[in-house]
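Residue strings, one per chain:
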Amino acid sequence: MSATVRGGTSYLPDGAHQGGGGLSGAEQKVKTLSPGIAAHLQRIYSAHADSVTKAWRQEDVSVWLRRCQGDDEAELARDFPLHQDWDYESFVRYITSSAANSIAPPHVDSRDLSYPLSSYFISSSHNTYLTGNQLSSESSADAYKNVLLRGCRCIEVDVWDGSDSESEDGDGDDDAESVTSSSSSSSSDDAYGSGEEGTASKMKRKAKSKLPSFLGGRKKSKDKKSPEPTTTTTTTTTTTTTTTNEATAPAGGLSAETTNPLEKSKSGGSASLFPTLSRKSTKEPRVLHGYTLTKDITFRDVCEAIKDYGFATTDLPLIVSLEVHCSAEQQERMVDIMRQTWGDLLLPEPEEDAKCLPTPEELRGKVLVKVKYAPPHNEGGSTTPEDLDNTVANAASGGLPEEAAGQQLSAKQRAAKKPSKIIWALSKMGIYTRGVSFKSLMQPEAEMPTHIFSLSEGGVMEVHKESRRALFEHNKRYLMRAYPSGMRILSSNLDPAVFWRKGIQIVALNWQNWDEGMMLNEGMFAGTGGYVLKPAGYRCSKVTGSDPDPEADTQADAVKHYTMDLTISVLAAQSLPLPPGDNNIDSFRPYLKVELHVEEPGERHGTDDLPQDGKEKEGEYKAKTKSLKGHGRDPDWSGSKGQGGKGNGGVELKFENIPGVVPELSFVRFLVLDDEIGRDSLAAWACVRLDRLREGYRFVHLLDAKGMESEGVVLVKIKKTLRL
């Protein structure tokens, strides 16, 4: 278990030994052999041994390594004696080493860090501060430590104004509609997810029941992301008195008072997007999931955790994605805290705007702040509340109410007069990651080298249907981020491979939940440090950032699509973890399920929809062994003659003529499940990107159901064939 971190708790697992962001790419060895596994290895060795000497002759070793295992002898020669005969001990030393792991190390080309940032997939987290569901779970600075130690390189921080008492459970103030529908979360979990705290509907009812009744019955306008409560104004012939609420962020227990984002000035004049704190205070910004029952932590604690663990496992650049809901004063505090805490980890302010994105190599050891872009006003002055006062006041001069006047401004007027909610001092920290609100791929900012669009999973699919060519072309040269639907209340995840195949670099996932999405993330980033070079047709050129192959401008034609045959012979397993909460080995009936996750033709051409129930699609192609009873944690399928079994050869799981396979963007998922009445429980798993799946006799090293390292392994024989 991890130690307590500022603002956090000590119950989160030790991220250094937890998967999700690449742990399975580390060197792994089999330390002991069960009787069943040992018997299989003895049979394999004997089948190739000289009948007289009972050893493998030198030439036989070479042939077996090349033809059966597909190994590079030059690489093996550093660790194994290839120029002499092998006895059984030599064979066992090889087969139990990391050289016989089912996952090959990242190819040397994929570790090239000299391309612009847009040419990489980046391991990314959504609402990083949360430890559970999106509606009522705890926030913790320890969550940042956890994902950073696991290899995450893009984290998210939602920042709100500080409260009167940092220890209060909450003082939020949004309506029930916001609480139950605006949070970014999920209505259902993956079939092998975490099974968190009841159903989404129960959680919605629970949240709504805690709100004041007058809030619970109010509907929110569809085109408003946050409510705009009214301001009570009393006017007499001599004085004007305005009553406003303090500008505090919604959180925890949800007070009956409402925040007015358009606070009146003392003169009774126009509104401001920056509510002024009722008194000058030492309050600091907080981090939480706004308009929900989640608890908050301080922004300073988050920054300290990032400083302490941001580069503990890799020095590749770390993107900190800020979602800012603070007043101007609190934004200034954010800037001070980041500069004080991170210091030289921050990029120096450039003399001029970048003409193209830098490379990960150039950004080693640096924190990149992603924040909404606000163009400098009056040669770098900060955006102030008075700016918006003037904008709305001018429109209101025609007799319209101020809110209506603001809505009546023409698009041209809004673009020219409406200031950003983000102050310039904060905005200018987003040097290479300037957040821009997405309107279309044709908007002027879409040509700004340093912009980054953030779209929900549904938004991406809509753009792909309407403009798949422009979307793919954009993502070669510029950054884009995709995040989970607001309906994923239980923190389930989207299928990241769907979005990687559209060239999206930053696919944000809920790392606290173990489901298909996080397993695929582990498969993509195993042993990479969180950055994976895209396939050639998905990247821009090294120096200029231009498109090296303008003809390859869609998902359908950017890379070669193969037809694949894959056979996995399952021999035996050992030291399998039991499902969470199950300590009865005698009742354990394990079986191995294998799924292929490959591109579908409809997805490629923009005709497939995302699943409407919020779940990821299971692998289109799947097969499984039969379950075994009475073998405990060391099942042996050598006697399984059904399901394509060959006696001592185990069970063959065959996948034939699989179309549309892009090896760098396809995955094989291994799931060890417990055969039970009703829903089968997940015991362990592994996920391997297809281009890194080794052939021959291999050990599949397993993580347990919560993604922790385990001693569990499955001995398999793999054969794959790709053809155009």
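Residues numbered from 1 in each chain as written. Predicted model: local features only at pLDDT ≥ 70, side-chain atom pairs only at ≥ 80, totals over all residues. Heavy atoms only, no water.

Enquirer: Let's hear about the environment of G15: which residues, and what values?
Expert: Along the chain, G15 turns up in the segment before α1 (35-48). Separated by 135 residues in the primary sequence, G15 and R150 place their C-alpha atoms 5.1 Å from one another. Filtering out sequence-adjacent residues up to four positions away, G15 remains in contact with N146, L149 and R150. (Helix = DSSP H or I, 4+ residues; strand = E, 2+ residues; numbered from the N terminus. Contact = heavy atoms within 4.5 Å.)

Enquirer: Would you mind going over the sheet that holds strand β17 (residues 590-597) in detail, with residue names and values included?
Expert: If you trace the 8 strands from one edge of the open sheet to the other, you get β18-β17-β20-β21-β22-β23-β16-β19, paired in antiparallel fashion. Edge positions in the sheet fall to β18 (621-624) and β19 (651-661), since each has one partner strand and no second. Strand-to-strand twist across the sheet, computed as the mean angle between neighbouring axes with direction ignored, equals 30°. Across 8 bridges, the pairing between strand β20 (residues 667-674) and strand β21 (residues 681-689) is antiparallel. Note that in β21 the partner of F667 across the bridge is R689. Across the face of the sheet, helix α17 (residues 516-525) comes into contact with β17, β20, β21 and β22 (696-704) while running at roughly 35° to β21. (Pairing = 2+ DSSP bridges. Axes fitted to C-alpha atoms, helices over the stretch in contact; angles between N-to-C directions.)

Enquirer: Tell me what's going on with the side chain of E284, and back it up with residues and numbers.
Expert: Note that E284 resides in the loop between β6 (271-272) and β7 (286-287). Polar contacts involving the side chain of E284 include one to the side chain of R300, which spans 2.7 Å. (Polar contact = N/O pair within 3.5 Å; in protein donor to acceptor, adjacent residues only side chain to side chain.)

Enquirer: If you had to explain the pairing of strand β12 (residues 451-456) to someone new, which residues and values would you point to?
Expert: One ladder, built from 2 bridges, connects strand β11 (residues 434-435) with β12; its direction is parallel. In the strand pairing of β12, G435 is matched with I452. In terms of strand pairing, β12 meets strand β13 (residues 479-483) through 5 bridges, oriented parallel. When the bridges of β13 are listed, L455 appears paired with A482.

Enquirer: A description of the pattern of salt bridges should follow, citing residues and the corresponding values.
Expert: Opposite charge on two side chains permits them to pair, given that their charged atoms come into close proximity. Enumeration over the complete set of coordinates arrives at 22 salt bridges. The salt bridge partner of R364 is E361, with a shortest N-O separation of 3.0 Å. R364 gets classed as partly exposed once you look at its relative accessible area, which sits at 32%. Under the relative-accessibility criterion, E361 is labelled partly exposed at 40%. (Salt bridge = Lys/Arg side-chain N within 4 Å of Asp/Glu carboxyl O. Buried < 20%, exposed > 50% of the residue type's maximum accessible area, 1.4 Å probe, protein only.)

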